Amino acid sequence: LYVDHPLGQGQTIPLERAQAHYLFGVMRLEAGAELLLFNGSDGEWRAEVAQAGKRGGVLVCRVQSKPQEVPPDLWLIFAPVKKARTDFIVEKAVELGVRRILPVQSDFTNSERIRAEKQRAHAVEAAEQCGATFVPEVADLQKLSGLLDGWPAGRRLMFCDEAQAGGASAQAGLAALKDGPAGPWAILIGPEGGFSEAERARLHGFEFTHPVALGPRILRAETAAVAALTLWQSVLGD
Ligand code: SAM
């Protein structure tokens, strides 16, 4: 269970109404029951229900069951698609391990808003479900051009370019991932409509770009996100 509270031996955690409802009403836990807690920074802790009530309760931290994990310094940048598919991308990014999730508005983005708060809650749920102790930050929607204007020097960009699908550059792109300097990375996935010519030209001219093809077929954005994350993790991950 994710709690927004410091965790440590003997630490008591007061529960809000919604959490109490979930633990005692839905999960039917009673005083003395054990559960696992994490807060994104103190690792995972075994805790015990000290008080259980309809409107609240108290948990007590006992022992640490997992140290804090810190995923590789990898960002996933993507153009939001329809809600269920955006949810899927956020969920898979948490499962496959990234530090930050950055939704961007590009020239052909068809969904112009994203409910970042909802996506943050969705990231917490995904972390709970997969036993992660880290929850990536979900940034507010921003323009791709603005993100590139303020790009942090040295961060490599794995640019998933559908125009290269099946081209000879697929292997070259992957080799560049391996041979390039270590250091932080970002993966960029475009919207359903792909990238505009202007964006593609800018991205190819950008000094930190490594264009990559994800195979001979054009993948849906959410498939491309999973494929790119898996590929990156297999080449450069821990
Ligand atoms: N409408 C575009 C077209 O028909 O060319 C396809 C866009 S695709 C649905 C969405 C995004 O997934 C692309 O912008 C790209 O980032 C990524 N993508 C999909 N297939 C890819 C491939 N084979 N290689 C590299 N990137 C791919």
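None of the values given here were measured: they were computed from a predicted structure.

## Comments concerning the overall build of the protein
Then comes step 1: Within the protein, the regular secondary structure consists of 7 helices and 11 strands.
Then comes step 2: Reported as C-alpha extents along the three principal axes, the dimensions of the protein are approximately 60 × 35 × 30 Å.
Then comes step 3: By the burial criterion, 32% of the 238 residues in the protein qualify as buried.
Then comes step 4: In the protein, of all internal contacts separated by at least 6 residues, the share reaching a separation of at least 24 is 77%.

## Examining the site of the ligand
Then comes step 1: In the vicinity of the ligand, 20 residues are found, and the nearest of them are Cys-160, Ala-165, Gly-190, Gly-194 and Ala-224.
Then comes step 2: Along the lines of polarity and charge, the residues of the shell around the ligand split into 10 nonpolar, 5 polar and 5 charged.

## Topic: the sheet that holds strand β4 (residues 57–66)
Then comes step 1: If you trace the 4 strands from one edge of the open sheet to the other, you get β1-β4-β3-β2, paired in antiparallel fashion. Every other strand in the sheet has two partners, leaving β1 (12–15) and β2 (34–38) as the edge strands with one partner each. Direction aside, the axes of adjacent strands within the sheet are offset by 40° on average.
Then comes step 2: With 4 bridges joining them, β1 and β4 adopt antiparallel strand pairing. Bridged to Pro-14 within β4 is Val-58.

## Re the UniProt feature "domain: Ribosomal RNA small subunit methyltransferase E PUA-like" (unreviewed entry) in the protein
Then comes step 1: On the UniProt side, "domain: Ribosomal RNA small subunit methyltransferase E PUA-like" (unreviewed entry) is annotated at positions that read residues 15–56 here.
Then comes step 2: The span residues 15–56 is 24% helical and 36% strand by assignment, and the distance between its end C-alpha atoms comes to 5 Å.

## Topic: helix α1 (residues 17–26)
Then comes step 1: For α1, the full list of buried residues reads Ala-20, Leu-23 and Phe-24. The buried residues of α1 occupy an angular sector of 80° when the element is viewed end-on, so they sit on one face. The exposed set on the far side of α1, more than 90 degrees from its buried face, consists of Ala-18, Gly-25 and Val-26.
Then comes step 2: Of the residues trailing α1, Arg-28 is marked for its positive phi of about 60°.

## Focus on the packing of helix α2 (residues 83–96) against helix α7 (residues 221–236)
Then comes step 1: Relative to each other, α2 and α7 sit at 10°, their axes nearing to 9 Å. By the criterion of interaxial angle, the relationship of α2 to α7 is roughly parallel. Where α2 approaches α7, its residues Arg-85, Phe-88, Ile-89, Lys-92, Ala-93 and Leu-96 are matched on the opposing element by Glu-222, Ala-225, Val-226, Leu-229, Thr-230 and Gln-233.
Then comes step 2: Within the contact of α2 with α7, the residues separate by chemical class into 7 nonpolar, 2 polar and 3 charged.

## Description of the pairing of β2
Then comes step 1: Summarising the sheet, β2 and strand β3 (residues 44–52) pair through 5 bridges and their orientation is antiparallel. Within β3, the residue paired with Leu-37 across the bridge is Trp-45.
Then comes step 2: A loop of 5 residues connects β2 with β3, the two strands running antiparallel in sequence, and Gly-40 in this loop sits at a positive phi of about 90°.

## Here we look at the packing of α2 against helix α3 (residues 116–130)
Then comes step 1: Where α2 contacts α3, the axes come no closer than 9 Å and their chain directions differ by 45°. One way to sum up the angle between α2 and α3 is to call them oblique. The interaxial crossing formed by α2 with α3 has right-handed handedness. On α3, the residues that touch Asp-87, Val-90, Glu-91, Val-94 and Glu-95 of α2 are Gln-119, His-122, Ala-123, Ala-126, Ala-127 and Cys-130.
Then comes step 2: Considering only residue class, the contact of α2 with α3 consists of 6 nonpolar, 2 polar and 3 charged.

## Considering the domain arrangement of the protein
Then comes step 1: For the protein, the domain assignment lists domain 1 (12–66) and domain 2 (74–236).
Then comes step 2: Look at where the C-alpha atoms of domain 1 and domain 2 centre, and you get two points 35 Å apart.

## Points about unusual backbone geometry
Outside of glycine, negative phi angles account for most residues, and trans bonds account for most peptide bonds.
Then comes step 1: Phi angles above zero are rare outside glycine, and Arg-28 is one such case at about 60°.
Then comes step 2: By the element assignment, Arg-28 lies in the loop between α1 and β2.
Then comes step 3: Its 9 C-beta neighbours within 10 Å are what place Arg-28 among the exposed residues.

## With respect to the nonpolar core
Then comes step 1: Core analysis: the largest hydrophobic core is formed by 39 residues, its most contacted members being Leu-76, Met-158, Cys-160, Ile-187, Ala-225 and Ala-228.
Then comes step 2: Of all elements in the fold, only β5 (74–78), α2, β6 (100–105), α3, β9 (156–160), β10 (185–189) and α7 reach the threshold of two or more residues within this core.
Then comes step 3: Top element by residues in this core is α7. It accounts for 7 residues.
Then comes step 4: Counting residues in each nonpolar core, the second largest holds 15 residues, with Leu-7, Leu-15, Ala-20 and Leu-59 among its members.

Quick notes on the rules
Residue numbers run consecutively from 1 along every chain, following the written order of its sequence. Local features in a predicted model are, by the rule used here, given only for residues with pLDDT of at least 70; side-chain atom pairs are given and counted only at 80 or more, and totals for whole chains, interfaces and linings are based on all residues. Put simply, DSSP H or I for four residues or longer makes a helix, DSSP E for two residues or longer makes a strand, and each gets a number counted from the N terminus. Each residue is classified by how many other C-beta atoms fall within 10 Å of its C-beta atom, where C-beta atoms are placed from the backbone; a count of 20 or more means buried, 12 or fewer means exposed, and values in between mean partly exposed. Here contacts are defined at the residue level, using C-beta atoms placed from the backbone and a cut-off of 7 Å between them. Whether a residue is near a molecule or strand depends on its C-beta atom, placed from the backbone, lying within 6 Å of it. Under the grouping applied here, Gly and all other residues not named as nonpolar or charged are polar, the nonpolar ones being Ala, Val, Leu, Ile, Met, Phe, Trp, Tyr, Cys and Pro and the charged ones Asp, Glu, Lys and Arg. Strand pairing is assigned whenever DSSP detects at least two bridges linking the two strands. Throughout, an axis means a line fitted to C-alpha atoms (over the contacting stretch in the case of helices), and angles, computed between N-to-C directions, take values from 0 to 180 degrees. UniProt positions are given in the numbering used here, feature names are shortened, and annotations may be inferred rather than shown by experiment. In this description, the arc belongs to the directions extending from the helix axis to the C-beta atoms. By the definition adopted for this analysis, an angle is roughly parallel if under 35 degrees, roughly antiparallel if over 145, roughly perpendicular if from 65 to 115, and oblique otherwise. Should the near helix be turned anticlockwise from the far one by less than a right angle, the crossing is termed left-handed; should it be turned clockwise, right-handed. Note that the domain bounds reflect an automated or database-derived domain assignment. To count as a nonpolar core, a set of buried Ala, Val, Leu, Ile, Met, Phe, Trp, Tyr and Cys residues must be joined through C-beta atoms within 7 Å.

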